[in-house]
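Now for the letters of each chain:
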Amino acid sequence: MPKCIIDSKEYEFKAGETVIQIADRNGVDIPRFCYHPALTVVAQCRMCAVEVDKMGKLQTACSLPATDGMVVHTKSEKVKQAQASVMEFLLINHPLDCPVCDEAGECQLQDYSFSYGAPDSRYDEMRRTYMDLDMGSVIKKNMNRCIHCTRCIRFCDEVGGYREMVALKRGNSTEIVTVDGAPLQTQYAGNLADICPTGSLTLKDFRFKKRAWFLKKTPSVCEGCSQGCNIEVHQENNVVYRTHPRENMDINKWWICDEGRFLFHYVHSEERVLNPSVRDGTSALEKMDWYDAVEKVSPKIKGKALVLVGSDLTQEEIQAIQQFAASKLQTTAVYHYGTENILKAADDTEEDKILRRTSKTSNLHGAEKLGLKPWKSADHNSGEFDCALVFRGGRAMVLNQLRKCVKGAIVGVGVFNSGAVDSYDAVLPGLSFVEKSGTIVNWQGKEQRLNQSIAPLGESKSITDILQLLR
Ligand code: SF4
Ligand code: SF4
Ligand code: FES
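Residues numbered from 1 in each chain as written. Chains lettered and ligands numbered in written order. Predicted model: local features only at pLDDT ≥ 70, side-chain atom pairs only at ≥ 80, totals over all residues. Heavy atoms only, no water.

Examining the sheet that holds strand β4 (residues 59-60)
Turning to step 1, where the next piece is worked out: Strand order in this open sheet of five strands is β2-β1-β5-β3-β4, and the pairing throughout is mixed. What marks the edges here is a single partner per strand, and that holds for β2 (9-12) and β4.
Turning to step 2, where the next piece is worked out: Of the strand pairs in this sheet, strand β1 (residues 3-6) and strand β5 (residues 71-73) are connected by two bridges, and their pairing is parallel. Its bridge partner being in β5, I6 is matched across the sheet by V72. (Pairing = 2+ DSSP bridges. Helix = DSSP H or I, 4+ residues; strand = E, 2+ residues; numbered from the N terminus.)

Set out below in structure tokens:
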């Protein structure tokens, strides 16, 4: 294998690898703005300058293929001068508004300014300012903070599915815009905020909500579809503020879709039923404590029972329900449900060429693996069941057409909104995907772990605890 030397240490590399790739793999820190491993290399910010023996000028590490015997210096005086000059150039027009910028605390420009820049500015002229057009519902643009690295343009061209961002004008007047100022169409717009190395593109949803350094981060998995994209859940004081993609080269690379990014909001919805609630006849659902609710619900679970299991539940939850159905209810009518018209794993296909899948629940493939068959109401007779238990994690479609097949009580167990349970006789509140841990299986058959990031909200309990109370 060929070898090169970076900062006096020898590293092996594969033919074709660039200096920045070798450095990244071996923990050698080279600053960069325009380089992103997922995107075409353009070498235009010059922040990754390195000195190479026998090459007169500084080279850009992101575009320089390593050669056998190459000797690279990333921290020489010449390199430090170049890095300071690049920082000075990039900050000439920057508004230095970190105190009011959402990117502060996780901003590459801020970090590099501290590590590689000068403590003061020689610039006395008026700074350039822009009027920003709206870019749609996901991204807030602030061109005054832009350093023209073009990561956003390349993301749209190469990943997001639409060629919809361009650099307009030239030199000092350069402006990054959407074509004709149109709102972004990509379903992956949130990733623009992640890859923008400054606060020029930030999430509207997260704007001014929380300073980044207060957030505690838990690695977990998105529950938005059967892709199972890896995410981090960011919370403080038991409130989730955002989810963020977590790199997994086998599943989602560096990205998540917007639907998955923002779906956590239902967790804190005012509509969510967070107390055990039971209906008496035709009255509204009445909140009560667990003791009273179990007293009222238990006698209603009798006779021939139907058990419907959301394919948004974890493997452990499904197994607990299967055991409960077999031992306490002695029923074999246990079915899974989740997405309209996606009844089995074989129906689950690509929704686009990027990540999204047609199964809008995360564990359809796991539910099938545990032997559950899909629920098809058309296959059942009117009044066939005496009661029904409907388990739901928060993402499966809400089943509201059960009355025809169920003579007696319909009891929802899990995450439900009050406006969506008109036909239910009771709701026993369970945990959403950020309040519990467990295993889910994605469409590739990969088992992944959900990790609890906040404590259960309200009076909600785990499905295992609720089943214990009903025994
Ligand atoms: S908006 Fe951000 S990602 Fe796009 S060119 Fe400017 S700094 Fe780079
Ligand atoms: S593609 Fe599916 S799993 Fe991935 S972020 Fe979107 S909804 Fe979540
Ligand atoms: S990161 Fe190499 S030139 Fe920008």
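Okay, back to it.
With respect to the sheet that holds strand β11 (residues 230-236)
Turning to step 1, where the next piece is worked out: If you trace the three strands from one edge of the open sheet to the other, you get β10-β11-β12, paired in antiparallel fashion. Of all strands in the sheet, those bounded by a partner on one side alone are β10 (216-221) and β12 (239-245). Along the sheet, successive strands turn relative to each other by an average axial angle of 30°, direction set aside.
Turning to step 2, where the next piece is worked out: The sheet contact formed by β10 and β11 spans six bridges and is antiparallel. Its bridge partner lying in β11, V221 is registered against N230. (Axes fitted to C-alpha atoms, helices over the stretch in contact; angles between N-to-C directions.)

Details of the packing of helix α8 (residues 315-329) against helix α10 (residues 463-470)
Turning to step 1, where the next piece is worked out: One can describe the packing of α8 onto α10 by two numbers: an axis separation of 9 Å at closest approach and a directional angle of 15°. Relative to α10, the element α8 is oriented roughly parallel. Two packed elements cross with a definite hand, and for α8 against α10 that hand is left-handed. Side by side, α8 and α10 meet where E317, A320, I321, F324 and K328 of the first sit next to I463, T464, L467 and L470 of the second. (Parallel < 35°, antiparallel > 145°, perpendicular 65-115°, else oblique. Left-handed = near helix turned anticlockwise from the far one by under 90°. Contact = heavy atoms within 4.5 Å.)

With respect to the site of ligand 1
Turning to step 1, where the next piece is worked out: Around ligand 1 there are 14 residues in total, and C146, C149, T150, C152 and C196 lie nearest to it.
Turning to step 2, where the next piece is worked out: Taken together, the residues of the shell around ligand 1 sort by class into nine nonpolar, four polar and one charged. (Near = heavy atom within 4 Å. Nonpolar A, V, L, I, M, F, W, Y, C, P; charged D, E, K, R; others polar.)

Remarks on the site of ligand 2
Turning to step 1, where the next piece is worked out: Around ligand 2 sit C222, G224, C225, Q227, G228, C229, I256, C257, G260, L355 and R356, and those are all the residues in its vicinity.
Turning to step 2, where the next piece is worked out: Residues belonging to the shell around ligand 2 are distributed by class as follows: six nonpolar, four polar and one charged.

Here we look at the pairing of strand β3 (residues 49-52)
Turning to step 1, where the next piece is worked out: Both β3 and β4 contribute to a ladder of two bridges, which runs antiparallel. Its bridge partner lying in β4, V50 is registered against Q59.
Turning to step 2, where the next piece is worked out: With antiparallel pairing between neighbouring strands as the criterion, β3 and β4 make up a hairpin whose turn holds six residues, including K54 at a positive phi of roughly 70°.
Turning to step 3, where the next piece is worked out: When β3 meets β5, the two strands line up antiparallel, connected through two bridges. The residue bridging E51 from the neighbouring strand is H73, located in β5.

Examining unusual backbone geometry
Turning to step 1, where the next piece is worked out: Look at K169: it is not a glycine, yet its phi comes out positive at around 60°.
Turning to step 2, where the next piece is worked out: As for its placement among the helices and strands, K169 is situated in the loop between β7 (165-168) and β8 (175-178).
Turning to step 3, where the next piece is worked out: For K169, a relative accessible area of 49% corresponds to the partly exposed category.
Turning to step 4, where the next piece is worked out: Residues other than glycine seldom take positive phi values, yet Q330 does so here, at roughly 50°.
Turning to step 5, where the next piece is worked out: Mapped onto the elements of the fold, Q330 is located in the loop between α8 and β16 (334-337). (Buried < 20%, exposed > 50% of the residue type's maximum accessible area, 1.4 Å probe, protein only.)

Quick look at α10
Turning to step 1, where the next piece is worked out: When we look at burial in α10, the residues that qualify are I463, I466, L467 and L470. In an axial view of α10, the angular spread of the buried residues amounts to 100°, which keeps them on one side of the axis.
Turning to step 2, where the next piece is worked out: Tucked inside the fold, the buried residues of α10 contact α7 (290-297), α8, β18 (387-392), β19 (410-414) and β20 (426-429). (Arc of directions from axis to C-beta.)

Observations concerning the pattern of salt bridges
Turning to step 1, where the next piece is worked out: This structure, assessed with the given rule, holds 26 salt bridges.
Turning to step 2, where the next piece is worked out: A salt bridge links R145 to D97, with the shortest nitrogen-to-oxygen separation between them at 3.0 Å. With a gap of 48 residues between them, R145 in the loop between β6 (139-141) and α4 (151-160) and D97 in the loop between α2 (77-91) and α3 (108-116) connect regions that are remote in the sequence. Across the pair, exposure class does not vary: R145 and D97 are buried alike.
Turning to step 3, where the next piece is worked out: Via salt bridges that share partners, E259, E351, D352, R356, K360 and R395 belong to a single interconnected network. (Salt bridge = Lys/Arg side-chain N within 4 Å of Asp/Glu carboxyl O.)

A closer look at the nonpolar core
Turning to step 1, where the next piece is worked out: With 49 residues, the main nonpolar core has I139, F155, M165, L192 and F433 as its most contacted residues.
Turning to step 2, where the next piece is worked out: At the level of elements, α4, α5 (190-195), β9 (201-203), β11 and β12 are the ones that each hand at least two residues to this core.
Turning to step 3, where the next piece is worked out: Ranked by residues supplied to this core, first place goes to α4 with five residues.
Turning to step 4, where the next piece is worked out: If we skip the residues at most four places from it in the chain, I139 touches L184, A189, G190, L192, A193, L201, T202, L203 and K204.
Turning to step 5, where the next piece is worked out: Counting residues in hydrophobic clusters, the runner-up holds 32 residues, among them V294, I301, L313 and I466. (Core = buried A, V, L, I, M, F, W, Y, C linked by side-chain atoms within 4.5 Å.)

A few points about the packing of aromatic side chains
Turning to step 1, where the next piece is worked out: This structure, assessed with the given rule, holds seven aromatic pairs.
Turning to step 2, where the next piece is worked out: Ring plane angle 65° and centroid distance 5.0 Å describe the contact between F155 and W255, whose orientation is recorded as edge-to-face. Here F155 is found in helix α4, whereas its partner W255 is found in the loop between β12 and α6 (258-262), with 100 residues between them in sequence.
Turning to step 3, where the next piece is worked out: A residue is classified by how much of its surface remains accessible, and W255, at 5% relative accessible area, is buried.
Turning to step 4, where the next piece is worked out: Their ring planes at 55° and their centres at 5.6 Å tell us that Y335 and W375 sit as a pair that is tilted. One end of the pair, Y335, is in strand β16; the other, W375, is in the loop between β17 (373-374) and β18, and 40 residues separate them in sequence.
Turning to step 5, where the next piece is worked out: We classify Y335 as buried; its relative accessible area is 18%.
Turning to step 6, where the next piece is worked out: The structure contains a cluster of three or more aromatic residues connected by ring pairs, namely F33, Y112 and Y116.
Turning to step 7, where the next piece is worked out: Over the ring of F206 we find R242; its NZ or CZ atom is 4.4 Å from the centre of that ring. (Phe/Tyr/Trp six-rings, centres within 6.5 Å; stacked < 30°, edge-to-face > 60°. Lys NZ or Arg CZ within 6 Å of the ring centre and 35° of its normal.)

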